[in-house]
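Working through the structure, step by step
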Amino acid sequence: RTLCALFPLFVACSNSPAAVDASVVSDGSLADAYSLDAISDAGADTSADAQADVDAQAPADAKADVDAQAPADAKADVIVDAATPTFLSGTYYLEPFGTQRGGTIRELSGKLTLAPTITGIGFDVNPEFIVSTDNASTLRLTSALGVTTTLTVKGLYAMVRPAFSPDGKFVAVQATETAVNPPNPPEYLTIYKVNTTTGDWTKLAPATTTKLSGNELPEWFSDGKRVSFQGIESDCNILRVINLSPLQTLLTINSGGTTGCFQSSAQTGPRFHMTVSSDSKKLLSVGQMQTFDADTGALLSDIRTQVLNELTAAGYAPDTRFSGQGNGGTFPLDGTFASGDKEIIFDGAVSKNGTYGVVLCTIKTDGTGFSILKGPLSVDPSFSNNHNFSQVNPTAKNW
């Protein structure tokens, strides 16, 4: 892909499909087909050196720069107990601004009257906070009262896709230790665990040796002991599950299980966003609509054909203006298990009668019960590298 398709924030881009440019990646690996979604602040410090040690940690004297800001018009969410304001169980998603990166976080059933906004890529929710980033080195924690606290994470750059640990003490993020100098894209992305109080961090997986390839999209298991992520290994697109203590690889999912080599296509769908079931037993590759056993890697179900057929029956088609992540298409994109892991709520880019947008859908895990829940939502594809990843990021929470 062209640099415009890979990193539209750094260069002038149009919304037309990107042409292939082999000069973007010099080694001919799959990195030229998988666009990284992290971006960085133009004012980032350039003094940090890349580290390869998986046990690398932030300097002991690194101090969190905490800046609590309460908006003048901050109001408690009316759906919560006034004595102890918390976010309630529900399905949260991002309603994109459309005119700039980011959007307003909503709850699917309309419970959330607070309207927190984010400008970073990705977010997560627990009872106390919504966590997002500034796409550079800052975590943003927004309470149910609308109070936002910022935490500077020294030594990490292009930090996005935060995911809370079950106890809320940490977030897993994708980031890099190599300072970013726009318009150059971030390099050597991988997965880190960040303390939400101190800003101290630990690398969870070694960075790849290819600059524009990386490990991305961390997801925490509900048992608190494991984290999954997506990556490229030997030109194959993998899903990996790691144990946190001791730090070690537990499972690598390849093509239809633990063997072979998976490479996305229009037939298979993209392998990028994933989600873990609430009981930590299943791992869903959302773009493929394939569910795997989270312990053995065995393929449990594949409902992609049903999903596409139901979308057609509803009068929509996938948005084919763009080829999607790894040429895997633009529908589905991201999703979440819901209703006791019996339902999948997901989003994807669609078209209907010449109109384009993103819809939120639901389907049961057995491939029945499809319906469109919301949309089409108006989005600017350039803010997601032309639908290479989701801007909506639905996530179901139950506590």
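Please refer to the structure placed before this passage.
Here's a quick rundown of the structure. Keep in mind that what you see is a predicted model, and the values were worked out from it rather than measured. (Residues numbered from 1 in each chain as written. Predicted model: local features only at pLDDT ≥ 70, side-chain atom pairs only at ≥ 80, totals over all residues. Heavy atoms only, no water.)

Each helix and strand in the protein was counted, giving 2 helices and 26 strands. Within the span of the protein, comprising 399 residues, buried residues form 55% of the whole. Summarising the internal contacts of the protein: among those between residues at least 6 apart in sequence, 55% fall at separations of at least 24. Carbon and sulfur atoms make up 48% of the accessible area of the protein, which totals about 15,800 Å². (Helix = DSSP H or I, 4+ residues; strand = E, 2+ residues; numbered from the N terminus. Buried < 20%, exposed > 50% of the residue type's maximum accessible area, 1.4 Å probe, protein only. Contact = heavy atoms within 4.5 Å. Areas by Shrake-Rupley, 256 points an atom, 1.4 Å probe, with all protein chains shown as cover.)

With respect to the helices and strands, Lys203 occurs in strand E12 (residues 201–203). Assessed through its relative accessible area of 0%, Lys203 is described here as buried. Within the local environment of Lys203, its side chain forms a polar contact with the side chain of Glu177, the two groups lying 3.0 Å apart. (Polar contact = N/O pair within 3.5 Å; in protein donor to acceptor, adjacent residues only side chain to side chain.)

Enumeration according to the criterion identifies 7 salt bridges in this entry. Residue Arg106 is joined to Glu95 by a salt bridge in which the shortest nitrogen-to-oxygen separation is 3.2 Å. Taken as a pair, Arg106 in strand E3 (residues 103–107) and Glu95 in strand E2 (residues 90–96) lie far apart in primary sequence, 11 residues in all. A salt bridge links Asp223 to Arg226; the nearest nitrogen and oxygen atoms lie 2.9 Å apart. Here Arg226 falls in the buried class, since its relative accessible area comes to 11%. Salt bridges sharing partners connect three or more residues here, namely Asp223, Arg226 and Asp295. (Salt bridge = Lys/Arg side-chain N within 4 Å of Asp/Glu carboxyl O.)

Across the sheet, which stays open at both edges, the 4 strands sit in the order E13-E14-E15-E16 with antiparallel pairing between neighbours. The sheet is open, and its two borders are formed by strand E13 (216–220) and strand E16 (247–253), each paired with just one other strand. Taking the axes of each pair of neighbouring strands and ignoring which way they run, one obtains an average angle of 30 degrees across the sheet. Judged from the 8 bridges that link them, strand E14 (residues 226–233) and strand E15 (residues 236–244) form a sheet pairing that is antiparallel. Bridge pairing in E15 places Phe229 opposite Arg240. (Pairing = 2+ DSSP bridges. Axes fitted to C-alpha atoms, helices over the stretch in contact; angles between N-to-C directions.)

Enumeration according to the criterion identifies 1 disulfide in this entry. Between the sulfur atoms of Cys236 and its disulfide mate Cys261 the distance is 1.9 Å. Measuring the twist about the S-S bond at about -110 degrees, one finds the Cys236-Cys261 disulfide to be left-handed. Placement of Cys236 in strand E15 and of Cys261 in the loop between E16 and strand E17 (274–276) is noted, with a sequence separation of 25 residues between them. (Disulfide = S-S within 2.5 Å.)

By way of backbone hydrogen bonds, the strands of a sheet pair with one another, either parallel or antiparallel. The strand order across the open sheet built from 4 strands is E9-E10-E11-E12, with neighbouring strands paired in antiparallel fashion. What marks the edges here is a single partner per strand, and that holds for strand E9 (157–164) and E12. Taken pair by pair, the neighbouring strands of this sheet meet at an average axis angle of 30 degrees, ignoring direction. As defined by bridge partners, E9 adjoins strand E10 (residues 170–176) across 4 bridges and the pair is classed as antiparallel. Opposite Tyr157, over in E10, you have Thr176 as the bridge partner.

A few words now on unusual backbone geometry. A cis amide bond links Phe331 with the next residue in sequence, Pro332, at an omega value of -10 degrees. Note that Pro332 resides in the loop between strand E21 (317–318) and strand E22 (335–338). Going from Gly375 to Pro376, the amide bond is cis rather than trans, its omega being 5 degrees. Within the fold, Pro376 resides in strand E25 (residues 371–377). Non-glycine residue Tyr188 carries a positive phi angle of around 55 degrees. Secondary-structure assignment places Tyr188 in the loop between E10 and strand E11 (190–195).

Two faces belong to every sheet, and in a regular strand the side chains alternate between them. Of all 9 residues that make up E15, 9 are buried, and the element is covered over most of its length. Here E15 runs beside E16; their pairing, made up of 6 bridges, is antiparallel. From the neighbouring strand, Leu244 faces E16, where its bridge partner is Leu247. A loop of 2 residues connects E15 with E16, the two strands running antiparallel in sequence.

Residue position: Thr142 is located in strand E7 (residues 138–143). In this structure the side chain of Thr142 is engaged in a polar contact, spanning 2.8 Å, whose partner is the side chain of Thr148. With near-sequence residues (within four places) excluded, Thr142 lies in contact with Phe87, Pro116, Glu128, Phe129, Ile130, Val147 and Thr148.

Of all 7 residues making up E2, 6 are buried, and the element is well covered by its neighbours. As paired elements, E2 and strand E26 (residues 395–397) share 3 bridges and run antiparallel to each other. Bridge pairing links Thr91 to Ala396 in E26. Relative to E3, E2 is paired through 5 bridges, and the arrangement is antiparallel. Paired with Glu95 across the bridge in E3 is Thr104.

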